[in-house]
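Coordinate inspection notes
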Amino acid sequence: MNLAFIPSPSTGVIELGPIPLRGYAFCIIIGVFVAVWFGNKRWVARGGKAGTVADVAVWAVPFGLVGGRIYHVITDYQLYFSDGEDWVDAFKIWEGGLGIWGAIAFGAVGAWIACRRRGIPLPAWADALAPGIAIAQAIGRWGNWFNQELYGKPTDLPWALEISEGPNRVAGTYHPTFLYESLWCIGVALLVIWADRRFRLGHGRAFALYVAAYCAGRGWIEYMRVDEAHHVLGLRLNVWTAIIVFVLAVVYIVISAKIRPGREEIVEPDRDAAPAKGSDEDGPDEDGSAKADADEPDAGAKKDPLTKDGPGKGATAENSEAAGAAGAAGAAEKS
């Protein structure tokens, strides 16, 4: 046996007492945390507030998981709805099976809802999160290694993946397509980070670059896989999906650069900013008296007209009456 081969784990589940820790789910969870952490750093660097990325992710992640599962079940329906299969297995997401196309599409819907609630532009949020998503995919692909699934054609290369005998698989050594895609996603993340710094990508173009770069790699990696898949005109369905999405992403980059060049100056409204001095939002001072308007020449001269410290020299009778009214109002509020 060639010791350079990549071994597969004997099981994809680690029993922690009564709690089963599934490798596939663990990789997905770690990927999500890394994406949110890195996306938050990029969002703050763009002028956003810490925690906003996580708040939006609370909507985007569940939508993405549901969308990813729906896409997988629809495109591989024979695994769940053909003769001899149990349709209940379609809900067992921990056993593997998430389509990135559905995850990104549905996740974008969840993110759009959250962004509208917070009053921030979705394209800017997507740009901040783009490289983090690629890193999350790189981590998540190792979940396929735990499940011994989605490997490529047979090979005897030194880095071949050893697969053991099991349901719907034959023991042997195969191309580790999970590893190829993981490394490709790391490269995509580095590309987006570099391009974003070099060209100051904005208005969703960093996210579109991530999509285009990922599709370019997914196309040839998908072509190497040997698992069952639907074919259209001789190509796997996911290859066609990668081609179409790649073209759409490139078109978006070109058109967006012409319509909205540059980058957003403000990515998140400052709702905690103090209201402008003298605006209608100015409330009473701590002692209950009305705030003085710095723009008024008599500000600070509104004192009790019954004392010797009355209005300043040259003040009219109307000013004296106004000062008296203000003093009376202040006294009433203090009582």
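Presented here is a report on the structure given in the accompanying data block.

How each quantity is defined
- Residues numbered from 1 in each chain as written.
- Predicted model: local features only at pLDDT ≥ 70, side-chain atom pairs only at ≥ 80, totals over all residues.
- Heavy atoms only, no water.
- Helix = DSSP H or I, 4+ residues; strand = E, 2+ residues; numbered from the N terminus.
- Buried < 20%, exposed > 50% of the residue type's maximum accessible area, 1.4 Å probe, protein only.
- Contact = heavy atoms within 4.5 Å.
- Areas by Shrake-Rupley, 256 points an atom, 1.4 Å probe, with all protein chains shown as cover.
- Salt bridge = Lys/Arg side-chain N within 4 Å of Asp/Glu carboxyl O.
- Polar contact = N/O pair within 3.5 Å; in protein donor to acceptor, adjacent residues only side chain to side chain.
- Phe/Tyr/Trp six-rings, centres within 6.5 Å; stacked < 30°, edge-to-face > 60°.
- Pairing = 2+ DSSP bridges.
- Axes fitted to C-alpha atoms, helices over the stretch in contact; angles between N-to-C directions.
- Parallel < 35°, antiparallel > 145°, perpendicular 65-115°, else oblique.
- Left-handed = near helix turned anticlockwise from the far one by under 90°.
- Expected span 1.5 Å × (residues − 1).
- Bend = angle between axes of the 7 residues up to and from the residue.
- Core = buried A, V, L, I, M, F, W, Y, C linked by side-chain atoms within 4.5 Å.

1. Focus: the overall build of the protein chain
Counting its secondary structure elements, the protein chain contains 10 helices and six strands. Looking at the protein chain as a whole, 38% of its 335 residues qualify as buried. Long-range pairs, those at least 24 residues apart, make up 69% of the contacts in the protein chain with a sequence separation of at least 6. Carbon and sulfur atoms provide 64% of the accessible area of the protein chain, an area that totals close to 19400 Å².

2. Section: the pattern of salt bridges
Pairs can form between side chains of opposite charge once their charged atoms are near each other. The tally for this structure, following the rule as stated, stands at 11 salt bridges. One salt bridge connects arginine 46 with glutamate 264, and the closest N-O pair in it is separated by 2.8 Å. Here glutamate 264 lies in the loop between helix 9 (237-259) and helix 10 (317-334) and arginine 46 lies in the loop between helix 1 (23-45) and helix 2 (52-75), a separation of 218 residues in the sequence. The exposure class of arginine 46 is buried, given its relative accessible area of 13%. Between arginine 236 and glutamate 222 there is a salt bridge, with the nearest N and O atoms lying 3.0 Å from each other. Of this pair, arginine 236 sits in strand 6 (residues 235-236) while glutamate 222 sits in helix 8 (residues 205-224), and the two are 14 residues apart along the sequence. Comparing arginine 236 with glutamate 222, the two get one shared label, buried. Within the structure, one salt-bridge network assembled from shared partners comprises Arg218, Glu222, Arg225, Asp227 and Arg236.

3. Some points on the side chain of glutamate 181
Position of glutamate 181 relative to the elements: it lies in helix 7 (residues 177-199). With a relative accessible area of 3%, glutamate 181 lands in the buried category. Polar side-chain contacts of glutamate 181 include one of 3.0 Å to the side chain of arginine 141. If we skip the residues at most four places from it in the chain, glutamate 181 touches Gln137, Arg141, Tyr214, Arg218 and Ile221.

4. Focus on the packing of aromatic side chains
With the rule as written, the count across this model stands at 12 aromatic pairs. An aromatic cluster is built from Trp101, Phe207, Tyr210 and Tyr214, whose rings are joined through pairwise contacts.

5. Description of the pairing of strand 2 (residues 19-22)
Pairing of strand 1 (residues 13-16) with strand 2 involves four bridges; the strand directions are antiparallel. Residue pairing in the sheet places valine 13 in a bridge with arginine 22 of strand 2. With antiparallel pairing between neighbouring strands as the criterion, strand 1 and strand 2 make up a hairpin whose turn holds two residues, including glycine 17 at a positive phi of roughly 70°.

6. With respect to the packing of helix 5 (residues 122-140) against helix 7
Two numbers describe how helix 5 lies on helix 7: the axes approach to 8 Å, and their chain directions differ by 165°. For the element pair helix 5 / helix 7, the angle class is roughly antiparallel. The chirality of how helix 5 crosses helix 7 is left-handed. Of the residues in helix 7, those touching helix 5 at Ala130, Pro131, Ala134, Ile135, Gln137 and Ala138 are Glu181, Ser182, Cys185, Ile186, Val188, Ala189, Val192 and Ile193.

7. Describing helix 2
The end-to-end C-alpha distance of helix 2 is 34 Å, a good match for the 34 Å that 24 residues give at a rise of 1.5 Å each. Where helix 2 bends most, the angle comes to about 35°, and this point is valine 58, followed within four residues by the proline proline 62.

8. Section: the environment of phenylalanine 207
Counting through the fold element by element, phenylalanine 207 comes out in helix 8. Assessed through its relative accessible area of 21%, phenylalanine 207 is described here as partly exposed.

9. Focus: the nonpolar core
Counting 41 residues, the largest nonpolar core has Trp43, Val56, Trp101, Trp125, Val192 and Tyr210 as its most contacted members. Tallying contributions element by element places helix 5 first for this core, with nine residues. If sequence neighbours within four positions are ignored, tryptophan 101 has contacts with Tyr71, Tyr214, Cys215, Arg218, Asn238, Thr241, Ala242 and Val245. Of all hydrophobic cores here, the second largest spans eight residues; its members include Ile6, Tyr151, Ile163 and Tyr174.

Note that every value here comes from positions in space, so none of it alone points to a role or purpose.
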